[in-house]
Amino acid sequence: MKSAKRLKKSENLWGFAFILPQLTGLILFTIGPVFATFYLCFAEWDFINPPKFVGGLNFSVIFGDPVFYKSIINTFIFAGGTIPLTIIISLFLAVLTNRKIACLSIYRTAYFLPMVTSSVSIALVWYWLYAPDFGLINLLLAKIGLPELPWLADTWWARIAIIIMSVWLQMGYNYIIFLSGLKNIPRIYYEAAEIDGANKFQIFFKITLPMLSPVTFFVVITLLISTFNMFNESYILTRGGPAYATYTLVMYVFFRAFQLFRMGEAAVASLVLFALVGVITMIQFRLSRRMVNYDV
């Protein structure tokens, strides 16, 4: 009996030793910063002097700043433009390549390649594509007789430029997800529909889309989180301009924290970002109970 207890205690100690590095990282880099953020919401800290409790001053400053509200609007604009386009293009490519075609592995690799490339490098390449005087896109537009576009100089065109780049950057990963979902749909459903005389559009909207609803829900959630955390694209292409038109909520947190050194105000903005993502995600989970078909 004693040997069994001793063996169990030894196994527990070894198990704890194996998870200790991950547990330490979780406490230091996740749980600790979360509690620090809540504290800094009510404190003033500039990285040099010790944090000083200021009550609700940070909240009044942030909620009285019009740039803060503009950054929230811009974040929703990017989410509203990026998420639907990414889903449509990724699903279209997945359906298109979900068959036996020549060089299929090359197509899949090409679609997925942006996901394994640094987003900073990609943003720099797109900056040169959008450049007003010598950019490749405006050069091609001029070649076919179309006027050049102020991609990064106009408020709305700057937003469109970032949405286009974001869609191109995100579609490869989601293409793989949709393709995996298509592979898991039983072939018998399609055979039964073909026997009943259903055409391709009926098969897609009555079988493929409903059976892909769990995959689509996962893609929407991941795209939502990714879009709300958008930073590199806006920072490298436009620095948040022109006239704060591409100033995202994450950029607002960054500039408050690391340029103005107002960590308390940045903590409040980051708390708002967390709350927005959490609320929208909870709403989507509620809607998924009625809209998602889990019997796949």
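Criteria and thresholds
Residues numbered from 1 in each chain as written. Predicted model: local features only at pLDDT ≥ 70, side-chain atom pairs only at ≥ 80, totals over all residues. Heavy atoms only, no water. Helix = DSSP H or I, 4+ residues; strand = E, 2+ residues; numbered from the N terminus. Rg over C-alpha atoms; globule rule 2.2 N^0.38 Å. Buried < 20%, exposed > 50% of the residue type's maximum accessible area, 1.4 Å probe, protein only. Contact = heavy atoms within 4.5 Å. Areas by Shrake-Rupley, 256 points an atom, 1.4 Å probe, with all protein chains shown as cover. Lys, Arg positive; Asp, Glu negative; His and termini not counted. Charge placed at Lys NZ, Arg CZ, Asp CG, Glu CD. Axes fitted to C-alpha atoms, helices over the stretch in contact; angles between N-to-C directions. Parallel < 35°, antiparallel > 145°, perpendicular 65-115°, else oblique. Left-handed = near helix turned anticlockwise from the far one by under 90°. Nonpolar A, V, L, I, M, F, W, Y, C, P; charged D, E, K, R; others polar. pLDDT = per-residue confidence, 0-100. Core = buried A, V, L, I, M, F, W, Y, C linked by side-chain atoms within 4.5 Å. Expected span 1.5 Å × (residues − 1). Polar contact = N/O pair within 3.5 Å; in protein donor to acceptor, adjacent residues only side chain to side chain. Phe/Tyr/Trp six-rings, centres within 6.5 Å; stacked < 30°, edge-to-face > 60°. Lys NZ or Arg CZ within 6 Å of the ring centre and 35° of its normal.

**Here we look at the overall build of the chain**
Helix and strand counts for the chain stand at 13 helices and 2 strands. Here the C-alpha radius of gyration of the chain, 24 Å, is well above what a compact globule of 296 residues would show, namely 19 Å. Across its three principal directions, the C-alpha atoms of the chain cover 80 × 70 × 35 Å. Counting only residues that meet the buried cut, the chain has 37% of its 296 residues in that class. When contacts within the chain are restricted to residue pairs at least 6 apart in sequence, those whose partners lie at least 24 apart make up 69%. Of the roughly 17,900 Å² that the chain leaves accessible, carbon and sulfur atoms contribute 70%. Distance from the positive charge centre (22 side chains) to the negative charge centre (13 side chains) of the chain: 11 Å.

**Here we look at unusual backbone geometry**
Here Gly-241 and Pro-242 are connected by a cis peptide whose omega angle stands at -10°. Tracing the backbone shows Pro-242 in the loop between α11 (232–237) and α12 (249–258).

**Thoughts on the packing of helix α3 (residues 66–97) against helix α7 (residues 155–183)**
Interhelical geometry of α3 versus α7 gives an angle of 40° and a closest axis separation of 6 Å. In terms of axis orientation, α3 runs oblique to α7. Of the two possible hands of crossing, α3 and α7 adopt the one that is right-handed. Taken together, the residues that form the contact of α3 with α7 break down as 18 nonpolar, 9 polar and 1 charged.

**Quick look at the environment of Ala-198**
Of note, Ala-198 is situated in the loop between α8 (187–195) and α9 (200–211). According to the relative accessible area criterion, Ala-198 is partly exposed, its value standing at 26%. If we ignore the near neighbours within four places in the chain, the residues touching Ala-198 are Ala-193 and Ile-203.

**Some remarks on the confidence of the model for the chain**
Taken residue by residue, the chain gives an average pLDDT of 87. The fraction at 70 or more is 95%. Across the chain, helix α2 (residues 57–63) holds the top mean pLDDT of 94, while helix α4 (residues 104–112) sits lowest at 77.

**Some details on the side chain of Thr-75**
Checked against the element boundaries, Thr-75 lands in helix α3. With residues near it in sequence (within four places) discarded, Thr-75 still touches Thr-227, Phe-228, Thr-248 and Leu-249.

**Focus on the nonpolar core**
Membership of the largest hydrophobic core comes to 50 residues, with the highest contact counts inside it found for Phe-68, Ile-87, Phe-178, Leu-212, Phe-228 and Tyr-252. Those elements that place two or more of their residues in this core are α3, α7, α8, α9, α10 (213–228), α12 and α13 (263–291). Residue contacts for Ile-87: discarding those within four places in its chain leaves Phe-178, Val-219, Val-220 and Leu-223. One finds Ile-122, Trp-126, Ile-236 and Leu-237 within the second-largest nonpolar core, a separate group that totals 16 residues.

**Considerations on α3**
Given a rise of 1.5 Å per residue, 32 residues ought to cover 46 Å, and the 46 Å separating the end C-alpha atoms of α3 matches this to within 8%. For α3, the side-chain oxygen to backbone nitrogen distance between the N-cap and Val-67 is 3.2 Å, and the N-cap itself is Asp-65.

**What to know about the packing of aromatic side chains**
Tallying each qualifying case throughout the model produces 26 aromatic pairs. Considering the side-chain rings of Tyr-127 and Trp-128, the 5.7 Å spacing of their centres and the 80° angle between planes classify their relative orientation as edge-to-face. The exposure class assigned to Tyr-127 is partly exposed, which follows from its relative accessible area of 33%. When the ring of Trp-151 is compared with that of Trp-157, the centres are 5.2 Å apart and the planes differ by 80°; the resulting orientation is edge-to-face. Overall, the relative accessible area of 8% leaves Trp-151 in the buried class. Sitting above the plane of the Trp-156 ring, Arg-159 keeps its charged end 4.6 Å from the centroid. Here the basic side chain of Arg-239 rests over the ring of Tyr-235, its NZ or CZ set 4.4 Å away from the ring centre.

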